[in-house]
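# Chain and residue survey
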Amino acid sequence: MHNSSLTDPSSTAHTRGEASADTAQGLAHAKAILFGEHAVVYGSPAFAVPLHGLAAQADIRYSPGRETRIESQLFAGTVLAAPEPMGPVVAGLRAALEATGEGIAEVELTIRSAIPHGRGLGSSAAVATAVARAVAGLREHTFDEFALHEIVQKAETVAHGRPSGIDAWAVATPAPIRFQGGRATTIEVGRPLTFVLADSGHHGSTAEAVAGVRALRDSAPTTIDPMIARLAELTESAIDDVRRGDRDAIGGRMLEAHRLLTELGVSTPTLGSLVDAATAAGARGAKLTGGGLGGCVLALADSAEQAEELADALRAAGAPRTWTTEVSRT
Ligand code: MEV
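Keep in mind that this is a model prediction, so the values were computed, not measured.

## Thoughts on the overall build of the protein
A count of helices and strands for the protein gives 9 helices and 13 strands. Computed over the C-alpha atoms, the radius of gyration of the protein is 19 Å, within 12% of the 20 Å expected from 2.2 N^0.38 for a compact globule of 330 residues. Expressed as lengths along the three principal axes of its C-alpha atoms, the size of the protein is roughly 60 × 45 × 35 Å. When the 330 residues of the protein are sorted by exposure, 52% land in the buried category. A fraction of 74% describes how many contacts in the protein between residues 6 or more apart in sequence connect residues 24 or more apart. On the protein, roughly 13400 Å² of surface is accessible, and the fraction owed to carbon and sulfur atoms is 50%. For the protein, the distance from the average site of its 28 positive side-chain charges to the average site of its 38 negative ones is 2 Å.

## Re the site of the ligand
Taken together, 13 residues lie around the ligand, and K31, H38, V40, S164 and D167 are the ones closest in. Between the ligand and K31 there is a distance of 3.0 Å, counted from an oxygen atom to a side-chain nitrogen or oxygen. For the ligand, the protein covers 96% of the area, taking 300 Å² as the surface of the free molecule. Mapping the ligand onto the cavity grids shows that it belongs to the largest pocket. Among the elements of the structure, strand 3 (23–35), helix 4 (166–170) and helix 5 (206–219) are those that each provide at least two residues to the shell around the ligand. The residue makeup of the shell around the ligand, split by class, is 6 nonpolar, 4 polar and 3 charged.

## A closer look at helix 7 (residues 247–263)
For helix 7, which comprises 17 residues, the first-to-last C-alpha distance of 25 Å matches the rise-based estimate of 24 Å (1.5 Å per residue) to within 8%. Against strand 3, strand 10 (193–199), helix 6 (221–244), helix 8 (269–280), strand 11 (285–289) and strand 12 (296–301) lie the buried residues of helix 7. Directly after helix 7, the chain includes G265, whose backbone phi takes a positive value near 85 degrees.

## Re the packing of aromatic side chains
Per the stated rule, a full pass over the model turns up 1 aromatic pair. With 5.7 Å between their ring centres and 80 degrees between their planes, F146 and W169 make a pair best called edge-to-face. Of this pair, F146 sits in helix 3 (residues 145–160) while W169 sits in helix 4, and the two are 23 residues apart along the sequence. Overall, the relative accessible area of 7% leaves W169 in the buried class.

## Quick word on empty space enclosed by the protein
Summed over the entire model, instances satisfying the criterion amount to 1 cavity of 30 Å³ or more. Every residue lining the largest cavity is listed: G118, R119, G120, G204, S205, T206, G290, G291, G292, G294 and G295. A class-by-class count of the residues in the lining of the largest cavity yields no nonpolar, 10 polar and 1 charged.

## A look at the nonpolar core
Ranked by size, the top nonpolar core spans 95 residues in total, and within it F35, I60, L109, L121 and L314 carry the most contacts. Beyond its immediate sequence surroundings of up to four residues, F35 is in contact with A46, F47, L234, T235, A238, I250, R253, M254, A257 and K287. Grouped together as the second largest cluster of nonpolar side chains are 9 residues, A46, W169, A170 and F179 included.

## What to know about the pattern of salt bridges
Taken as a whole and judged by the stated rule, the model has 19 salt bridges. Across the pair E71 and R69 runs a salt bridge whose closest N-O atoms are separated by 3.6 Å. A salt bridge links R119 to D199; the shortest N-O distance between them is 2.7 Å. With R119 in the loop between strand 7 (107–113) and helix 2 (123–138) and D199 in strand 10, this residue pair connects regions lying 80 residues apart in the sequence. Overall, R119 belongs to the buried group, its relative accessible area being 12%.

## Regarding the pairing of strand 4 (residues 46–62)
As paired elements, strand 3 and strand 4 share 12 bridges and run antiparallel to each other. Along strand 4, the bridge assignment pairs I33 with A48. The pairing of strand 4 with strand 8 (residues 177–180) spans 3 bridges and is antiparallel. For A48, the partnering residue across the bridge sits in strand 8 and is I177. Pairing between strand 4 and strand 7: 7 bridges, direction antiparallel.

## Focus: the environment of V90
Checked against the element boundaries, V90 lands in helix 1 (residues 87–99). Taking relative accessible area as the criterion, V90 reaches 17% and is therefore assigned buried. The spatial distance from the C-alpha of V90 to the C-alpha of E208 is 22 Å, given a sequence separation of 118 residues. Not counting the four nearest positions on each side in its chain, V90 is found in contact with I70, V79 and A82.

Criteria and cut-off values
Residues numbered from 1 in each chain as written. Predicted model: local features only at pLDDT ≥ 70, side-chain atom pairs only at ≥ 80, totals over all residues. Heavy atoms only, no water. Helix = DSSP H or I, 4+ residues; strand = E, 2+ residues; numbered from the N terminus. Rg over C-alpha atoms; globule rule 2.2 N^0.38 Å. Buried < 20%, exposed > 50% of the residue type's maximum accessible area, 1.4 Å probe, protein only. Contact = heavy atoms within 4.5 Å. Areas by Shrake-Rupley, 256 points an atom, 1.4 Å probe, with all protein chains shown as cover. Lys, Arg positive; Asp, Glu negative; His and termini not counted. Charge placed at Lys NZ, Arg CZ, Asp CG, Glu CD. Near = heavy atom within 4 Å. Polar contact = N/O pair within 3.5 Å; in protein donor to acceptor, adjacent residues only side chain to side chain. 1 Å grid on protein atoms, 1.4 Å probe; cavity = no way out; pocket = protein on both sides within 12 Å on 5 of 7 lines; lining within 4 Å. Sits in = over half its atoms within 2 Å of the grid points. Nonpolar A, V, L, I, M, F, W, Y, C, P; charged D, E, K, R; others polar. Expected span 1.5 Å × (residues − 1). Phe/Tyr/Trp six-rings, centres within 6.5 Å; stacked < 30°, edge-to-face > 60°. Points joined across faces, edges and corners; volume = space filled by probe spheres on them. Core = buried A, V, L, I, M, F, W, Y, C linked by side-chain atoms within 4.5 Å. Salt bridge = Lys/Arg side-chain N within 4 Å of Asp/Glu carboxyl O. Pairing = 2+ DSSP bridges.

In short, the description is geometric, and any link to function would need to be established separately.
This is the structure:
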């Protein structure tokens, strides 16, 4: 499988909902957490980057007098017949319709998403954001960023239990963000950064991963709290490194974060071997990204050319697919 580029400048991944007559469309992009996953659940800061080339799209139209229907890769049918995995979409749609102040309406919703599910890339948050933006377009309504966040968090709560909220901000914000305690701010990038994302091929449940870390922390707080504190320090230091464009420092911190996440029990042998393969192929650093227990590894390259080599090495090490993304200078 090819290494796909995520730097497509024609991506409209962060376009607001757009309306025409009685139909509308909403888009949202995927995200990768560079630092701070899991620690963020306990109030620590985290750092996420947008993946503009991987998008979710929602198209919506009114269908008065007919039951609300959803069409997606996972399911096609009426909302009442939707299986449990569609719960977040149904919750997001309902919340968005209600938040316009006009109540529930009968609609037909079509979802297309290029974001792989269960890979730590914010697929559920991106779909909910695209749906909310489509609803806004349909109703010629504007959700400010906080209203949008609240809607997406309702969907995320169904998807993951008690999400920190980072995914909901990250998939809706076109720039890299620092997130802490429910608030997001954009991060300055002093030098472009090229990353290769490698899919482990395994689904990782965020809810399960978060519950595992919580259980570990409850059983050994004096061991786990310092690890969470160290992950927080790595995030803050990396924000400075990114401002200064210090790739070596960022890479070193990625490797340390991966070791800590492994100790927290959210890595897997496959994720570990992909991190090793990336470093053996010359990556400045690599780590799992997102909830873990499957999902993806993120590797920092020196250049677009080196990213190709890293992607080849990661696929040779067993990754079924890779993507390359550039975080632009701001
Ligand atoms: C998931 O993308 C990030 C986690 O920290 C969970 C959360 O923040 O809700 C693992």
